[in-house]
Amino acid sequence: MMMMSRGATTAVRSAMAVQTSPRLFTTDFLGSEKAVAAWWLTSSPVHGARNASTMTLRDKQQKEEAADGGPSAAASSGGQKPPKEVVSYWGVQSPKVTKEDGTEWKWNCFRPWETYEADLSIDLHKHHTPTTFLDKFAFWTVKSLRFPTDVFFQRRYGCRAMMLETVAAVPGMVGGMLLHCKSLRRFEHSGGWIKALLEEAENERMHLMTFMEVAKPKWYERALVFTVQGVFFNAYFLAYLASPKLAHRITGYLEEEAIHSYTEFLKELDKGNIENVKAPAIAIDYWRLPADATLRDVVMVVRADEAHHRDVNHFASVIV
Ligand SMILES: [Fe+2]
Ligand SMILES: [Fe+2]
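Residues numbered from 1 in each chain as written. Chains lettered and ligands numbered in written order. Predicted model: local features only at pLDDT ≥ 70, side-chain atom pairs only at ≥ 80, totals over all residues. Heavy atoms only, no water.

For the protein chain, the name recorded in an unreviewed UniProt entry is Ubiquinol oxidase, with Centaurea solstitialis as its organism. Per UniProt, the comment on the protein chain under Catalytic activity (unreviewed entry) is "2 a ubiquinol + O2 = 2 a ubiquinone + 2 H2O". According to its UniProt record, the protein chain has this under Subunit (unreviewed entry): "Homodimer; disulfide-linked." (UniProt positions renumbered as here; feature names shortened; annotations may be inferred.)

(A) Layout of the overall build of the protein chain. The secondary structure content of the protein chain amounts to 11 helices and 0 strands. Going from N to C terminus, the protein chain has its helices and strands arranged as α-α-α-α-α-α-α-α-α-α-α. Here the protein chain holds 320 residues, and the buried ones make up 45% of them. Of all intrachain contacts in the protein chain linking residues separated by at least 6 positions in sequence, the fraction that spans at least 24 positions is 75%. (Helix = DSSP H or I, 4+ residues; strand = E, 2+ residues; numbered from the N terminus. Buried < 20%, exposed > 50% of the residue type's maximum accessible area, 1.4 Å probe, protein only. Contact = heavy atoms within 4.5 Å.)

(B) Layout of the coordination of the iron ion (ligand 1). At the metal site, the iron ion (ligand 1) is ligated by Glu165 (OE), Glu165 (OE), Glu204 (OE), His207 (ND1) and Glu306 (OE), and these contacts range over 1.9 to 2.4 Å. Mapping the donors of the iron ion (ligand 1) onto the primary sequence yields the spacing E-x38-E-x2-H-x98-E. In this structure the iron ion (ligand 2) is found 3.8 Å away from the iron ion (ligand 1), and Glu204 serves as a bridging donor for the pair. Of this pair, Glu204 and His207 both sit in helix H7 (residues 193–214), separated by 3 residues, roughly a single helical turn. In terms of burial, Glu204 and His207 fall into one category: buried. (Donors = N, O, S within 2.8 Å, 3.2 Å for Na, K, Ca; no water.)

What follows is the structure, encoded as structure tokens:
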């Protein structure tokens, strides 16, 4: 791993197998992953963007055969010209992907093989007791950020969740980007951490895409996101450069606060103060929720994700 000595890398890799991203390293979901992979392989003509160049060559070959009146022309179009395809992504035709029920997969921001089931059994009460100076600094930094957030949002948890996810998706991207650059600079492997952190950022962004469907931001909230992102991105970038240990500890405590916020969100839902509306379609597909899932189900899986991020970042802070 880039953040630590080479000698520690092997030990950390085995530890990461249980600590880092569920879709990358744990075996809990292998059964369902395999099922999705098998279904995808049989239902999708193209296996992801990585094979797009190969597919382009095949398309080109088929077009040449069609022009020559070759076998694929007759087979594919019955002697008629194939329908003109819309080039939609980097000049490459997007692969057609279908769901298990045969309907078209409508999300471009994630694909079926990137979906998963959240581990709801994760311990939500785990807390890293601050012991060192850096720990205490990280803990009180996060606590001090909590106060203005409470004042601004009060008990509007839907809006609060949406706004906080715009911040939560930053640390993984900054950490992943810096480790990526470090790997290039030093000609070293990353031990899996670049992918784990970037996947955390993507997971957080999916939280945002989900809550966007539930709470629509007002103009002044959008303006606030601009300001907060500008400050937080740069502050976290500098903090990570100065001390990855501190940066991961801050994220660990931010995740602890996120768990608390989502627990309060659930209480408000249970009291009936927030309407338990139907889960957004994007959430049903991303977390493989049942078709009749509700907002409460979504908050449950998001909270489990936050607990997972908490463990990953506290672990990273220890080993860095
Ligand atoms: Fe989140
Ligand atoms: Fe998180």
